[in-house]
Amino acid sequence: MLHLVGQDSRALARALGVDLADARRVLGAVVGRGRPLREARNVRRAVLDLVEARCSQARLSRVAVADAQDGFRKYLFQLPDGARVEAVRIPLFDTHHTLCLSSQVGCALGCAFCATGRLGLTRNLEPWEIVAQFLEVRADSARPITGAVFMGQGEPFHNYEAVLQAAYALCDPAGGRVDQRRISISTAGVVPMIRRYTAEGHKFRLCVSLNAATPEKRAALMPVERGYPLAELVDAVREHAARRGRVTLEYVMMGGENVGEEDAAALGRLLSGIPVRLNPIDVNDATGRFRPPSPDEWRRFRDALARHLPGQPVVRRYSGGKDEHAACGMLASTVS
Ligand SMILES: C[S@@+](CC[C@H](N)C(=O)[O-])C[C@H]1O[C@@H](n2cnc3c(N)ncnc32)[C@H](O)[C@@H]1O
Ligand code: SF4
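Residues numbered from 1 in each chain as written. Chains lettered and ligands numbered in written order. Predicted model: local features only at pLDDT ≥ 70, side-chain atom pairs only at ≥ 80, totals over all residues. Heavy atoms only, no water.

With an unreviewed UniProt entry as reference, the protein chain is termed Dual-specificity RNA methyltransferase RlmN, source organism Anaeromyxobacter diazotrophicus.

The environment of ligand 1 is formed by 20 residues, the closest being F113, G154, S186, S209 and N284. Separating a nitrogen atom of ligand 1 from a backbone N or O atom of G154 is a distance of 2.9 Å. Here an oxygen atom of ligand 1 and a side-chain polar atom of E250 are 3.0 Å apart. Protein contacts shield 95% of the accessible area of ligand 1, which totals 550 Å² for the unbound molecule. When atom positions are compared with the pocket grids, ligand 1 is found to occupy the largest cavity. Looking at the shell around ligand 1, the elements with two or more residues in it are β10 (183-187) and β12 (247-253). Here the residues of the shell around ligand 1 sort into nine nonpolar, eight polar and three charged. (Near = heavy atom within 4 Å. Polar contact = N/O pair within 3.5 Å; in protein donor to acceptor, adjacent residues only side chain to side chain. Areas by Shrake-Rupley, 256 points an atom, 1.4 Å probe, with all protein chains shown as cover. 1 Å grid on protein atoms, 1.4 Å probe; cavity = no way out; pocket = protein on both sides within 12 Å on 5 of 7 lines; lining within 4 Å. Sits in = over half its atoms within 2 Å of the grid points. Helix = DSSP H or I, 4+ residues; strand = E, 2+ residues; numbered from the N terminus. Nonpolar A, V, L, I, M, F, W, Y, C, P; charged D, E, K, R; others polar.)

Leftover empty space is mapped by rolling, across the atoms, a probe with the size of a water molecule. Applying the stated rule across the entire model yields one cavity of 30 Å³ or more. Of the volumes computed, that of the largest cavity is approximately 510 Å³. What lines the largest cavity is a set of 31 residues, and nearest its centre among them are F113, C114, M151, S209 and G329. Of all the elements in the fold, those that place two or more residues in the lining of the largest cavity are α4 (115-119), β10, β12 and β13 (276-282). Residues belonging to the lining of the largest cavity are distributed by class as follows: 16 nonpolar, 11 polar and four charged. (Points joined across faces, edges and corners; volume = space filled by probe spheres on them.)

In structure tokens:
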């Protein structure tokens, strides 16, 4: 069954055979203002009846909320079939928020350093289950949510169509009203989907989780390397950068593993001539198997990156919410 909040106005108008203006008014009420369907203004009763008959209005139920000391807030939601996912609200400049969304229940890719990977995959999320995370968090927030990142549980490019449908609902001026350029989709490197994404010309920001600069190191950390080798991944990144500009590469730093001088040199060779923005981030690992770099390791790695990636921005990202397991790679759908 169609779900009311799972698409943008055009898709809703097409699916129901109603005027685009009516679809906009309906989504303007339900998604834009978070009001009940019957509060849509200037929509004929017959259209509202049709929407009500054809569309599910199921909701997520909020199981738990955890507030970390740094202002990150983690939400645990239950879906209608009992599966659970998390979303994280990230404070920005004390004035607004950005939201980290899940795209799947668990993840099939099994990266060695990621708590979600240890869960395995249960199922893909429906588009409405993604948009509903946004609606629930927005309803709980005094400040506006001006950005969304698909960096929660799951591999967005293993649920490609639903993620894009949700992203278009989030940026619909009648719906979520989030600027397209403030929506980021992060992939561990599903190369055919990166190529498809590039060919289709979407404007959301593409982020690629690189995490290692040689096939051997990457394969030991990320099993996806065996299906989509680094050379092919970098080719797809090059193509995307040529079409859409600088690509953000995420790099989870693990002390003693991938932050040596030789790693910086390998990154330099790998990325030579491709406009990228490298975002190193400390690993969060409650199991203790991986540790973040020491301050000394970080300084040496940073200096080596400046030499080997001249002219390419390197921006260390802060990963907050650690004390409540709300930080990157810690989402395991457990109540603490
Ligand atoms: C959880 S993933 C979800 C999106 C997608 N599956 C991916 O891997 O890009 C979002 C980001 O978190 C990073 N990440 C995963 N585990 C992490 C950990 N333990 N510490 C820090 N970052 C981690 C990933 O490398 C990725 O850049
Ligand atoms: S890092 Fe991304 S791809 Fe890897 S297991 Fe975690 S969610 Fe899946």
